[in-house]
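This is what each chain is made of:
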Amino acid sequence: MSNGNFSLPLSADGQQALVSMLGFEDSEFTAKKTSTGLLIKLKRTERVVDEVIVTGMMERKKESFTGATASFTGEELKMVNNQNIVASLRALDPSFIQIENNSIGSNPNALPTIELRGQTSIATSSLRDEFSSDPNQPLFILDGFESDLRTIMSLDMNIIKSATILKDAASTAIYGSRASNGVVVIETIKPVAGKVRLSYTSDLNLEFPDLSSYNMMNAAEKLEFERLSGRYTAISNNFEQQIALDNIYNIRLQNVLRGVDTYWLDKPIQTAYSQRHSLSARGGEGAVVFDLGGNYRTTKGAMIGSGREDWGANINLNYRTGKLNIANRAFASGYTGNESPYGSFSLWVNTNPYYEFKSADEKYLARTESNSPGAFLSIANPLYNASLSSYNRTKNYTISNNLQLTYSISPALGITAGAQISKSTTNSNTFASPLDTQFDEVTNDLKGKLTYRGAESFSYTANAMLTYAKVFQKLHSLTANLRGEINENNSRSNGYIAVGFPSASNGNPSFAFGYQTGSKPSVATRIARRNSIVASVNYSYDQRYNADFNYNIDGSTSFGSNNLYSPYYSIGLSWNAHKEKFLKNNTWINNLRIRGNIGITGNQSFGNVSQSIFDYDRNVNRFGQGIFLSALGAPDLEWQRTRQTSIGVDGTFFKNKLNIQFNAFDKYTDPLVVAVTLPASTGLSNYPFNAGTLDVKGVETIVNYSPIYRPKDQFVLTFGLTGAITKQRYDNFNDKLNALNEEMQTSQSLVRFKDGYSPRDLWAVRSLGIDPATGQEVFLSKDGQQTFNYNTNDIVVVGSSQPLAEGTLRGTLGYKGFTASVIIRYKLKSDYLNSALYNKVENISINNVENNQDKRALYERWKNPGDIAQFKAIAITGSTPISSRFVQDENTFSGESINLGYEFRGKQWLDKAKLSNLRLSAYMNDIFYTSTVKRERGIDYPFTRSISLSLNATLK
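Values in this document were obtained by computation on a predicted structure and should not be read as measured data.

Q: Quick question: what am I supposed to make of the overall build of the protein chain here?
A: Helix and strand content of the protein chain: 13 helices and 45 strands. For the protein chain, the C-alpha radius of gyration of 31 Å lies close to 30 Å, the compact-globule estimate for 956 residues. Counting only C-alpha atoms, the protein chain reaches 110 × 70 × 65 Å along its principal axes. By the burial criterion, 49% of the 956 residues in the protein chain qualify as buried. For the protein chain, restricting intrachain contacts to residue pairs at least 6 apart in sequence, the fraction spanning at least 24 positions comes to 69%. Total accessible area computed for the protein chain in this model is approximately 44,300 Å², and 55% of it derives from carbon and sulfur atoms. Averaging the positions of the 97 positive and the 88 negative side-chain charges in the protein chain gives two centres separated by 8 Å.

Q: Help me out: how do you make sense of helix α6 (residues 239-257) in this one?
A: Because an α-helix packs 3.6 residues into every turn, residues spaced three or four apart end up facing the same way. Look at α6: 27 Å from first C-alpha to last across 19 residues, which is about the 27 Å you get at 1.5 Å a residue. Taken together, the buried positions of α6 are Gln-241, Leu-245, Ile-248, Tyr-249, Arg-252, Asn-255 and Val-256. One side of α6 carries all its buried residues, which in axial view fall inside an arc of 115 degrees. More than 90 degrees from the buried face of α6, the exposed residues found are Phe-239, Glu-240, Gln-254 and Leu-257. Tucked inside the fold, the buried residues of α6 contact α5 (219-229) and β17 (364-369). One side-chain oxygen of the residue at the start of α6 lies 3.2 Å from the amide nitrogen of Glu-240, identifying that residue as Asn-238.

Q: What is the right way to look at the nonpolar core in this model?
A: The tendency in soluble globular proteins is for nonpolar side chains to be buried as a group. One finds Tyr-214, Phe-345, Tyr-354 and Tyr-355 to be the most contacted residues of the largest nonpolar core, which totals 28 residues. At the level of elements, α5, α6, α7 (345-349), β17 and α8 (382-386) are the ones that each hand at least two residues to this core. If one sorts the elements of this core by residue count, α6 sits on top with four residues. In contact with Tyr-214, other than residues within four places in its own chain, are Leu-265, Phe-345, Val-349, Glu-936, Arg-937, Gly-938 and Ile-939. Judged by nonpolar contacts, the second largest core, of 26 residues, contains Ala-91, Leu-92, Met-153 and Met-157.

Q: In this structure, what is going on with the pattern of salt bridges? I would like to understand it.
A: A side chain with one charge can pair with a side chain of the opposite charge if their charged atoms come near. Per the counting criterion, the structure on display carries 47 salt bridges. Asp-548 is paired through a salt bridge with Arg-60; the nearest N and O atoms lie 3.3 Å apart. Within this pair, whereas Asp-548 is found in strand β25 (residues 545-556), its partner Arg-60 is found in strand β4 (residues 59-61), the two being separated by 488 residues in sequence. Residue class for Arg-60 comes out buried when judged on its relative accessible area of 5%. Lys-222 is paired through a salt bridge with Glu-226; the nearest N and O atoms lie 2.5 Å apart. Of this pair, Lys-222 and Glu-226 both sit in helix α5, four residues apart, which is roughly one turn of that helix. Members of the salt-bridge network, linked through shared partners, are Glu-100, Asp-210, Glu-890, Arg-935, Arg-937 and Arg-945.

Q: What is the right way to read the pairing of strand β34 (residues 693-710) from this model?
A: Where a strand is regular, its side chains alternate between the two sheet faces. One ladder, built from twelve bridges, connects strand β31 (residues 658-669) with β34; its direction is antiparallel. Within β34, the residue paired with Leu-658 across the bridge is Tyr-705. Where β34 meets strand β35 (residues 715-731), 16 bridges bridge the pair, whose relative direction is antiparallel. Within the sheet, the bridge partner assigned to Val-696 lies in β35 and is Gln-728.

Q: What am I meant to see in the packing of aromatic side chains here?
A: What describes a pair of aromatic rings is the distance from one ring centre to the other and the angle between the planes of the rings. A full pass over the atoms with the stated rule returns 22 aromatic pairs. Measuring from ring centre to ring centre gives 5.1 Å for Tyr-730 and Phe-733, while their planes differ by 50 degrees; the resulting arrangement is tilted. Assigned by exposure class, Tyr-730 and Phe-733 land together as buried. Among the aromatic residues, ring-to-ring pairing joins Trp-264, Tyr-342, Trp-348 and Phe-357 into one connected group. Sitting above the plane of the Tyr-391 ring, Arg-393 keeps its charged end 4.5 Å from the centroid.

Q: Please clarify how the sheet that holds strand β5 (residues 69-73) should be interpreted in this entry.
A: Reading across from one edge, β5-β10-β11-β8-β9 is the order of the five strands in this open sheet, with mixed pairing throughout. Edge positions in the sheet fall to β5 and β9 (145-147), since each of these pairs with one other strand and no more. Averaged over all adjacent pairs, the angle separating strand axes in this sheet is 25 degrees, with direction ignored. Examined bridge by bridge, strand β8 (residues 139-142) and β9 share three bridges and lie antiparallel to one another. Pairing of Leu-142 across the sheet is with Phe-145, part of β9. The strands touched by helix α2 (residues 85-92) within the sheet are β5, β10 (160-166) and β11 (183-188), with β10 carrying the most contacts at an inclination of about 50 degrees.

Q: What is the right way to read the sheet that holds strand β36 (residues 761-770) from this model?
A: Two modes of strand pairing occur in sheets, parallel and antiparallel, and in both the strands are linked by backbone hydrogen bonds. Here we have four strands laid out as an open sheet, ordered β38-β37-β36-β39, and antiparallel in their pairing. Of all strands in the sheet, those with a lone pairing partner are β38 (786-787) and β39 (795-800), marking the two edges. Two elements, β36 and β39, share five bridges in a ladder whose sense is antiparallel. Counterpart to Leu-762 in the pairing with β39 is Gly-799.

Q: Any chance you could explain the environment of Ser-493 here in plain terms?
A: Here Ser-493 is to be found in strand β22 (residues 476-499). It is 9.0 Å that separates the C-alpha atoms of Ser-493 and Phe-131, two residues lying 362 residues apart in sequence. Excluding residues within four positions of it along the chain, Ser-493 makes contact with Glu-130, Phe-131, Arg-453, Gly-454, Ala-455, Ser-522, Val-523 and Ala-524.

Q: Explain α5 to me, please; I cannot follow it from the model alone.
A: Ala-219, Glu-221, Lys-222, Leu-223, Phe-225, Glu-226 and Ser-229 are the residues of α5 that are buried. For α5, the secondary structure elements touched by its buried residues are α6 and α12 (856-859). With a side-chain oxygen positioned 3.2 Å from the backbone nitrogen of Ala-220, the residue opening α5 is Asn-218. One or two steps after α5, the chain reaches Gly-230, where phi turns positive at roughly 90 degrees.

Q: Mind showing me how you'd approach the environment of Asn-576 here?
A: Structurally, Asn-576 can be placed in strand β26 (residues 565-576). According to the relative accessible area criterion, Asn-576 is buried, its value standing at 0%. Discounting residues that sit within four places of it in the chain, Asn-576 has contacts with Glu-63, Gln-543, Arg-544, Asn-546, Leu-592 and Arg-593. Only 2.8 Å separates the side chain of Asn-576 from the backbone oxygen of Glu-63, close enough to count as a polar contact. In terms of polar contacts, Asn-576 uses its side chain to reach the backbone carbonyl oxygen of Gln-543, at 2.8 Å.

Q: In this structure, what is going on with unusual backbone geometry? I would like to understand it.
A: Glycine aside, a negative phi is what most residues show, and trans is what most peptide bonds show. For the bond running from Asp-670 to Pro-671, omega is 5 degrees, close enough to zero to count as cis. Relative to the helices and strands, Pro-671 is located in the loop between β31 and β32 (673-676). Positive phi outside glycine occurs at Lys-816, with the angle close to 45 degrees. Assignment of secondary structure puts Lys-816 in the loop between β40 (805-815) and β41 (818-833).

Q: Before we go on, may I ask you to explain the side chain of Ser-424 in this structure?
A: Following the sequence through the fold, Ser-424 ends up in strand β20 (residues 413-432). Accessibility expressed as a relative area gives 14% for Ser-424, which makes it buried. In this structure the side chain of Ser-424 is engaged in a polar contact, spanning 3.2 Å, whose partner is the side chain of Asn-396. For Ser-424, the residues in contact, after removing those within four places along its chain, are Asn-396, Tyr-397, Thr-398, Ala-455, Glu-456 and Ser-457.

Criteria and cut-off values
- Residues numbered from 1 in each chain as written.
- Predicted model: local features only at pLDDT ≥ 70, side-chain atom pairs only at ≥ 80, totals over all residues.
- Heavy atoms only, no water.
- Helix = DSSP H or I, 4+ residues; strand = E, 2+ residues; numbered from the N terminus.
- Rg over C-alpha atoms; globule rule 2.2 N^0.38 Å.
- Buried < 20%, exposed > 50% of the residue type's maximum accessible area, 1.4 Å probe, protein only.
- Contact = heavy atoms within 4.5 Å.
- Areas by Shrake-Rupley, 256 points an atom, 1.4 Å probe, with all protein chains shown as cover.
- Lys, Arg positive; Asp, Glu negative; His and termini not counted.
- Charge placed at Lys NZ, Arg CZ, Asp CG, Glu CD.
- Expected span 1.5 Å × (residues − 1).
- Arc of directions from axis to C-beta.
- Polar contact = N/O pair within 3.5 Å; in protein donor to acceptor, adjacent residues only side chain to side chain.
- Core = buried A, V, L, I, M, F, W, Y, C linked by side-chain atoms within 4.5 Å.
- Salt bridge = Lys/Arg side-chain N within 4 Å of Asp/Glu carboxyl O.
- Pairing = 2+ DSSP bridges.
- Phe/Tyr/Trp six-rings, centres within 6.5 Å; stacked < 30°, edge-to-face > 60°.
- Lys NZ or Arg CZ within 6 Å of the ring centre and 35° of its normal.
- Axes fitted to C-alpha atoms, helices over the stretch in contact; angles between N-to-C directions.

Written as structure tokens, this is what we have:
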């Protein structure tokens, strides 16, 4: 095609043809043979891919923007992963980090922990209520309105138009007190004019539990470990007990000799299967266009009985007449989540392999005598408990409606108004059958337990914005926005714990005998209000020199009643060097932008800490019922404010073959909001106050090089590298958090809050290893002395869970409808407390010997004087304190994503099938994981490897 002219073959006569061009809407027409030809007029789109930055409030021209952002189309996101958008963003941008949760593994009902450019808050539970979110989680904006992580995780990938990550002050200051952790803006597909088109997408996924990280003993090894540890040695040479223990050992030995070696790890797991089906209809003519869609997804988890069902439906209507445009999006969604009745995966990992596998009818695997005279151990059959009527189920539904009106007063002046109402209801029920072995030793009126929690929320948001945009003398471009917004969120929850159920009960609360001792029904209510006024100005001179200014006055009930309002701002500059005359004729620089900005943003992801809370006393006297102070409010609490400084370079070179983005940033939060326990005489805990600062410095880079770049021939080969390095540091606590640090020490946490150190630092006593002569651990004191005595005063930093660098390596290929991509994640030099070493190699009490253990507990523990070993003697069953001996340096590589796809276009058989296009894709995600540390991955729920298929078809 040249200058907009093109020709069609004679065979196209009477056929439907589609014309598309970057920056214009697609147009479909019927080809006809004429002597004069056909004139096809394309309508320019309101936004062009990669030419604007979508901030969720307003759109900015990328060429004149001064902030650090990353934008991805729906197609780019789905090329990485077809399950959820979070996994795709993690692979594509180095600043978007998903923190590994080694407990929840690949549980489909669990939410991930996400950080964007490090932390800005102390993420303890003491400052959060049941309605607040993680204070280090980025803000999510869906179609212009705030959303939550659960909604984003459940969002149908097939309706996503784009996702934009806003990283620094210039791009996020418009969100004021909600933006310190960055903003992720997601836009769904909007209606477009044209013939009504039906599209269907099917996503199929298989997940295989990854058990390669487990290093458990077989039956013979476990029995030998027990013998060496003294499991079959009577206390105080008790002759009768020794006979009983010998009998138990002989029975188990006999099982081992006849081949009993049960692999319990594969009993509660299955090949997980999920499928999602999406159907949409889009089109319309004249003033009205629409988009109607629905999707349903069912997921069976890797643990038997776990899974979820998600559904969603949406209808988008767009009405345009003259200067007025009205868009309305109604959306309804819901889910049902089930946790596995098989319980924690660790229960099965810890079951001894010399026990024979028994059916669910058998309540116990064995009943044996312990080392204590007269005491017996009953080994429950985990399959028995899994077969009972116990369940853990959560149901939710959400409905919301977004309305947006845009009116063009003049070519330079426009007004936009929007409103959203949303309602959500969630109910969870956890029932433990009265027949469960956990109730064996309790009376009948306490057997069985039901925990109920119900929550509902209703919120509304309304905003209005005035926009002025004009170019003066073809050199000066000015865009100004003035916006106001109000929001209110009403949340309410209630719950109770009922105990005592008939043996045949299915958890109906009407059959409960009463409430749990010391408990009562609970009710919580929170009303949170927020308002803001935002002014935003962008100026560009000759498309070379650009400036951004944002100012926000934000008010929120989340902070002290005496500090309801706080200002936020940002100032940014950028230089489009490639527009300079001395570079215009340069053939190897296509684009070169240098930018920098500074500003203040905030964080309000906390509970309501301003008001004191009183509760009624249970006792009543002649003066009536008393009340007591259960939570002391902090009306003078200051807002948490983060100063963000960012500089960066965006460059495209060698005819678009090389693309580079580099960012350096500094996020300084002052003051932090923390909670402490007041003296016991006050009876108060978790009192919020301001103390300390947190400074996060980092650099991040994205480099893509295309040795083959021929887009006209549909042939592009690209190799890419992303990487991020981040350092974090606390300061100015001045020993105010000593009580909190003591709580961390008591709970054996490796986290501390001290000046000059990082939130990711690991604190423990330094260890010099095991003394070859005695088998005892040798510690290193603060003053450099060697000692056998463990002293908490010698606790120092022994490592950091913050990687030296983390990112991805990527290769993509596109050739005439065929696409392929490979993404490998790397994580270099992060320290890790290996819980497998701490809990399954040492710290094995005489009772815990009955659990299966890591092989290293048998082969790598000290046995005789002179042995060089990492671990204490097998016979030592006492408690071992945490030391640097269990902290290991880890480097990892994992197969994040492998994708193959092919799009069929222009095929005759497509016409016969009434299809305009058909695309097939195959994925492999998390397909491999390698690490320099041998550790268990997935304590309560295993990690999985997945293979997926996706089919997308659009009807003519």
